[in-house]
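Spelled out, the chains give:
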Amino acid sequence: MIDHTDPAVIRAARALLDFLYIAQYQSHSDETLLYLEEALQLFHKDKDIFLKLGAREADNFNLPKLHSLLHYADAIRELGTIDNYNTEATERLHINLAKDAYRASNRRDFIPQMIVWVERKEKIENFASFVTWRKEQIREKNRDDMEIGNEAADLASQPIVKRRVQLAKWPAAPGVSLQTLSSDYHAIHFSTVLEWYLRLQRRRLLSELPGNLKKIPSTVTDPPSIKSIPVWHRIKFIHPNVQGMDFIEDTQDTVHAYPKRRKRGSKEADFLGERFDTVLVNEKGEADITGVEGLHVGQVRVVFKLPDDVCSAYLGPDSSLWPGHLVYIEWFSKLKANPEKDHKMF
C-alpha cells in the first residue's frame, strides 16, 4: 500500500495519528506539547493532497472537529491532560452507576435497590482510597526516618519499576513432537538450534564458573533423544505504572504463539486460525528507552521448557543451572539505522 500511495497522504496520515496519540498522554511537559503542535502543523502542511485526489468533495477543511485540534495544546496548559474533561468519564459512569447497578437488582422496583447498591459501592471505594492514602503516609514516614548517608544510598532507596513476566502453571500442549513443531508451529530448524543452544550454554557455564566442573559432565556421549516437549501458547508481560499512581492500572501485553486448532466444544471441523506474534527483543540488554538501536524484530514460534533428563545430560544434575522457559524466535532482517522519510517507520 505504501508503494502505491502518494507520499503526502502518508505524511498527513502519520502526522494526524501522532497528534492523536500524543494528545492522550496522561502527563505532559512543554516538550510533549511542542511535539503535539508540530504534528498538527505537519498535517496541515500536507492535508491539501486529499482535495487534489478527490478524497473530499468540498474544497476546504472547514470542519469543527478539525478546527478544535488547534486548541488542544492551550487547553492542556490551562486545564491539564484531556482525560480530565472528555466525555469518556461520564460514558463509563453510565455503566458503573446505571447498568451494573440494575444488573445487581432483582429487576422489580429496581430504583431503590440501585441507589443502595451505588451507595455501598461508593463507601467501599472511599474506604479503599483511605487505606491507600494511609499506607502512603506510613511509607513516607518510614522514608523520612531513614538516615541516608550518601547519594548512592539515596538512589538505591528509590523504588525500581520492574516488568513482570507471567506464564500459565501448566503448558497448553504438554507433549508436542518435533515434527509437529516443524509443520504446525513452523519452527523448521528447532532441533538444530536447540542442540546448538545446549552446547553453547554448557560451554558458558564451564567457562564462567570453574566450580561447575564438578557438577557438569565433561562430555555428552549419549544425549537423550527429545521426542516431545511441553509448549505454552501465551506469555504475559505486566508493566507497572511508572508514575507511581495507584489509580492507574498496570499495562498488560500478551504474546501469542499457537498453531491452527479446533474450537473448544466444536463437533464440526471448525478451526481457529494460527497466531504467531511479532516482538521487539532487547538482545543484549543495551537498548535505549526510545529508538530502535539494540532492538531486533522477530516472530515468536515456540514457547517451551526442556525436559529434565535433557537438562541433566547437558548441564548436570544441579537444577539451579538449568534454564527456565525458552522461546524459539524467527529473526527478521536487522532494522535500518534511520527511519523512512515519509512514514518514519523502520
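Numbers given to residues run from 1 along each chain, matching the order in which its sequence is written. For a predicted model such as this one, the threshold for reporting local features is a pLDDT of at least 70, and the threshold for listing and counting side-chain atom pairs is 80 or more; totals across whole chains, interfaces and linings nevertheless cover every residue. Think of the side-chain values as coming from all heavy atoms in the structure, minus any hydrogens and water.

A. Spatial organisation of the overall build of the chain. Helix and strand assignments follow DSSP, with helices taken as H or I runs no shorter than four residues and strands as E runs no shorter than two, numbered in order from the N terminus. In terms of helices and strands, the chain carries eleven helices and eleven strands. Remark: exposure states derive from per-residue accessible area (1.4 Å probe, protein chains only) relative to the maximum for the residue type, with buried under 20%, exposed over 50%, and partly exposed in between. Residues counted as buried form 24% of the 346 residues belonging to the chain. Here, two residues are considered to be in contact whenever any of their heavy atoms come within 4.5 Å of each other. Partitioning the contacts of the chain with sequence separation of at least 6, the portion at a separation of at least 24 is 58%.

B. Fine view of the packing of aromatic side chains. Any two rings among Phe, Tyr and Trp, with Trp reduced to its six-membered ring, count as a pair given centres within 6.5 Å; such a pair is stacked if its planes are under 30 degrees apart, edge-to-face if over 60, and tilted if neither. Under the criterion given, the structure shown has seven aromatic pairs. Between Y102 and F110 the ring centres are 5.1 Å apart and the planes differ by 85°, which places this aromatic pair in the edge-to-face class. Look at Y102 and you get partly exposed, because its relative accessible area is 32%. Accessibility expressed as a relative area gives 32% for F110, which makes it partly exposed.

C. Summary view of the sheet that holds strand 4 (residues 234–239). The four strands are arranged 1-4-5-8 in an open sheet whose pairing can be described as antiparallel. Each having just a single partner strand, strand 1 (164–166) and strand 8 (275–276) make up the two edges of the open sheet. Paired strands, in this sense, are two strands between which DSSP finds at least two bridges. As defined by bridge partners, strand 1 adjoins strand 4 across three bridges and the pair is classed as antiparallel. Following the sheet pairing, R164 is matched in strand 4 by I238.

D. Region of interest: the confidence of the model for the chain. Every residue carries a pLDDT, the predictor's confidence in it, which falls somewhere between 0 and 100. Confidence along the chain averages 83 in pLDDT terms, with 84% of residues attaining 70 or more. Here helix 8 (residues 151–157) stands out as the element of the chain with the lowest mean pLDDT, 46, in contrast to helix 2 (residues 30–46), whose mean of 95 is the highest. Overall, residues 148–159 carries pLDDT values under 50, and its contacts beyond four positions in sequence, including any with other chains, amount to three contacts.

E. Just the packing of helix 2 against helix 5 (residues 72–79), in detail. In this description, a line fitted to the C-alpha atoms serves as the axis of each element, helices being fitted only across the stretch in contact, and the angle between N-to-C directions of two axes falls anywhere from 0 to 180 degrees. Running from amino to carboxyl end, helix 2 crosses helix 5 at an angle of 160°, the nearest separation of the two axes being 9 Å. Considering the angle they form, helix 2 stands roughly antiparallel to helix 5. For the pair helix 2 and helix 5, the crossing hand works out as right-handed. Side by side, helix 2 and helix 5 meet where L33, L36 and E37 of the first sit next to Y72, A73, I76 and R77 of the second. Counted by class, the contact of helix 2 with helix 5 contains five nonpolar, no polar and two charged residues. Any angle that falls under 35 degrees is termed roughly parallel, while one over 145 is termed roughly antiparallel, one within 65 to 115 roughly perpendicular, and all others oblique. By definition, any crossing whose near helix is turned counterclockwise from its far helix by less than a right angle is left-handed, and any crossing with a clockwise turn is right-handed. Note on residue categories: nonpolar means Ala, Val, Leu, Ile, Met, Phe, Trp, Tyr, Cys or Pro, charged means Asp, Glu, Lys or Arg, and polar means any other residue, Gly included.

F. Local environment of helix 11 (residues 308–315). Turning to helix 11, its buried residues number three or more, namely V310, C311, Y314 and L315. Summarising the axial view, the buried residues of helix 11 lie within an arc of 95°, below the 170-degree limit, and thus occupy one face. Where the residues of helix 11 are buried, they touch helix 10 (190–208). With its phi angle positive at about 95°, G316 sits one or two positions after the end of helix 11. By arc we mean the arc of the directions from the helix axis to the C-beta atoms, nothing more.

G. Spotlight on the pairing of strand 3 (residues 228–232). As paired elements, strand 2 (residues 173–177) and strand 3 share three bridges and run antiparallel to each other. Each bridged residue has a counterpart across the sheet, and for V176 the counterpart in strand 3 is I229. Strand direction decides the pairing type here: strand 3 and strand 10 (residues 295–304), joined by two bridges, are antiparallel. Within the sheet, the bridge partner assigned to V231 lies in strand 10 and is F304.

H. Quick peek at the environment of V9. In this fold, V9 is placed in helix 1 (residues 7–23). Owing to a relative accessible area of 16%, V9 belongs among the buried residues under this scheme. Taking the C-alpha atoms as reference, V9 lies 9.2 Å from D342; in sequence the two are 333 residues apart.

I. Focus on the pattern of salt bridges. One side-chain nitrogen of Lys or Arg within 4 Å of one carboxyl oxygen of Asp or Glu is enough to make a salt bridge. A complete count under the given rule lists nine salt bridges for this structure. Note that D100 and R103 form a salt bridge whose closest N and O atoms lie 3.0 Å from each other. Of this pair, D100 and R103 are both found in helix 6 (residues 88–104), three residues apart, which corresponds to roughly one turn of the helix. Notably, a salt bridge pairs R199 with E195, separated by 3.4 Å at the nearest N-O pair. On the criterion of helical spacing, the pair formed by R199 and E195 is a turn pair, its members being four residues apart in helix 10.

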